[in-house]
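One letter stands for each residue in the lines below.
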Amino acid sequence: MEKKREELIFLAVAVILLFIVLAASQQIIEVPSIPSIPANSEVKYYGYKYSNYSSIIISTKAEISCAWKPDSIDDGWKNCEAVFDVENMKNIKPTISTPNLNFSFLNLNIRNIVINFSNVSTLYNETYLNITHQLINFTFEDGTNITQDNITEEIIQFTKRRFSNFTSIPSSINTATPFAIKINYEAPKYQENSFTFNISASGFTAFIDPYQSSCGTLSTANSTYTLNQSVSSNGTCFTITANNITLNGNGSSITYALNGSASQYGIYVNRANRTIIKNVNVTEGNSSGTDKYAIFFQNANNGTVFNNTIKTSGSFGYGIYLLSSSNSNISTNTVTTNGSSGYGIRLSSSSNSNTLSTNTVTTNGSSGYGIYLFSSSNSNTLSTNTVTTNGSSGHGIYLSSSSNSTISTNTVTTNGTTGYSIRLDTSSNSTITNNTVTTNGSSGNGIYLSSSSNSNTLSTNTVTTNGGTGYGIYLLSSSNSNTLSTNTVTTNGINGYGIRLDTSSNSTITNNTVTTYGINGYGIYLFSSSNSTIYSKI
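Just so it is clear, the model here is predicted, and its values are computed rather than measured.

By the criterion of burial, strand 13 (residues 179–188) is predominantly enclosed, with nine of the ten residues buried. Here strand 6 (residues 77–88) pairs with strand 13 via ten bridges, running antiparallel. In the sheet register, cysteine 80 faces strand 13, and the bridge partner there is tyrosine 185.

Moving on to the environment of leucine 322. Mapped onto the fold, leucine 322 is located in strand 29 (residues 317–323). Leucine 322 gets classed as buried once you look at its relative accessible area, which sits at 1%.

What follows is about the nonpolar core. Membership of the largest hydrophobic core comes to 61 residues, with the highest contact counts inside it found for Phe238 and Ile267. Considering each element in turn, this core owes the most residues, three residues, to strand 26 (residues 292–298). Aside from chain neighbours lying at most four places away, what touches phenylalanine 238 is Trp68, Cys215, Gly216, Leu218, Leu227, Val231, Leu247, Ile254, Gly266, Ile267 and Tyr268. Residues Ile56, Ile58, Ile173 and Phe204 belong to the second largest nonpolar core, which totals 25 residues.

Tallying each qualifying case throughout the model produces two disulfides. A sulfur-sulfur separation of 2.1 Å characterises the disulfide bridge that pairs cysteine 66 with cysteine 80. Torsion about the S-S bond of the cysteine 66 and cysteine 80 cystine: about 110°, corresponding to right-handed handedness. Of the two residues, cysteine 66 sits in strand 5 (residues 63–67) while cysteine 80 sits in strand 6, which places them 14 residues apart along the sequence. Under the relative-accessibility criterion, cysteine 66 is labelled buried at 1%. For cysteine 80, a relative accessible area of 2% puts it in the buried group. The disulfide partner of cysteine 215 is cysteine 237, and the gap between their sulfur atoms is 2.0 Å. Looking down the S-S bond of the cysteine 215 and cysteine 237 bridge, the torsion is -85°, so its handedness is left-handed. With a gap of 22 residues between them, cysteine 215 in the loop between strand 16 (211–212) and strand 17 (216–218) and cysteine 237 in the loop between strand 19 (231–232) and strand 20 (238–240) connect regions that are remote in the sequence. Accessibility expressed as a relative area gives 3% for cysteine 237, which makes it buried. Counting only the cysteines that take part in disulfides, in the order they occur along the chain, gives the pairing 1-2, 3-4.

With that settled, consider the packing of aromatic side chains. Counted according to the given criterion, the structure contains 42 aromatic pairs. By the ring-pair criterion, three or more aromatic residues cluster together here, those being Tyr265, Tyr268, Tyr293, Phe296, Tyr318, Tyr321, Tyr343, Tyr369, Tyr372, Phe374 and Tyr398. The ring of phenylalanine 166 has lysine 182 lying over it, and the distance from NZ or CZ to the ring centre is 4.4 Å. One residue, arginine 423, lies across the ring of tyrosine 420, its end atom 4.5 Å from the ring centre.

Reading the values: the criteria
Residues numbered from 1 in each chain as written. Predicted model: local features only at pLDDT ≥ 70, side-chain atom pairs only at ≥ 80, totals over all residues. Heavy atoms only, no water. Buried < 20%, exposed > 50% of the residue type's maximum accessible area, 1.4 Å probe, protein only. Helix = DSSP H or I, 4+ residues; strand = E, 2+ residues; numbered from the N terminus. Pairing = 2+ DSSP bridges. Core = buried A, V, L, I, M, F, W, Y, C linked by side-chain atoms within 4.5 Å. Contact = heavy atoms within 4.5 Å. Disulfide = S-S within 2.5 Å. Phe/Tyr/Trp six-rings, centres within 6.5 Å; stacked < 30°, edge-to-face > 60°. Lys NZ or Arg CZ within 6 Å of the ring centre and 35° of its normal.

Keep in mind these numbers describe shape, not what the thing actually does.
Right, here's the structure in full:
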């Protein structure tokens, strides 16, 4: 029985490692510029909205971008712009004379409307990050379940037109080539709106109905934006696109993704450095749809995320996500995820040298992740965080293919059947010290190292497992040359393991205090593990 279980564990780890390796690389995928659109219908496609009437395609952003004015020049109004791209796919009417343009606003409280035309465009590649998940379940003979989230990050590139040289509307339009109509206007700062754009002539009709959020774009560098009331959006709320911007929530709330669509953001920081986000409550507005992000940094360095309260509710919801973003400080935030496979704080794709401290993270989904470092996110510091997972296979702090980090003075509690309080996969040269770790599931893991997680130092940690087959400190699958010293480990289950090594050699285990209360408990257990030094109190 024991041998078979070991084989199952090794098989599971091998499969997990394979998926981690596959998931670690970003793929770039080329897709067509215009999707297939049924007649008389609209589709949303990688952040754009496309409408097809009589094979005349018209597209725009699903949400019209409105640029907020910074505090220094704020007059209560924001500048809004929409560009409508029209393509006469079948040359239904090559030329239209005296075109009838109609913008029908639901809320007429707007000013300074300017409408222009262009048929001068260049093609460029728009990029879109697409994250997909596959949950893989393993069940052992004793009924223990392990759920692993296989993640693939894809950079989608699709061709768009960028129009320039806008002028006044001509008396006739040659529709044999693509053209664009641009509308600029001002709207009250906190106003939502929706409007319909029609362009019509005899034998020619184009129609689309985008939406204007009460939120918008923050694009003035070296500026501060302060909320003085709460805001909401059907999709993404704020996008930050310039350096040295501060968004001060001032205790107000941001509610995003009200329509339940996937891949929406509360605050999206895109290639903007030294961003500060503070004192704001960010809430996912609809649990439908997957992969929604409360605060998201992409290729944005030296940021600060401070004193925010974040709640996500949908599957694969993300509280704070750093993608290819380094040297940032994430501190004193309260993050709660309620959907299955929610992520409290996630760092991915070489997000290095960040500091995560004094955050309170709670995950309530079936396989939630409290703090997750993925895909060569190295040299990060995680300290004085309080992490609680309540799902059946939750992970408190999880490092996957991420090394050279410090995990210290954290309090981590997992309450699920197969919870992992602190877990390292293919992650080496890290220091795990002075943490308080408690597992309450039937086969919980306190500190778990697997898949060649080598040369890590585990010291002065207090680990308590309360499940029937709990593992205090568990080294698995060629996790070699680790140092375990002055840890206090207590197992209360019938088959508890204080410290266990499986095919993991050349480690040093000294001055640990291990107490097991179960009938079949093991203080220190070695399986196919050699050349280790052991000196501990059992």
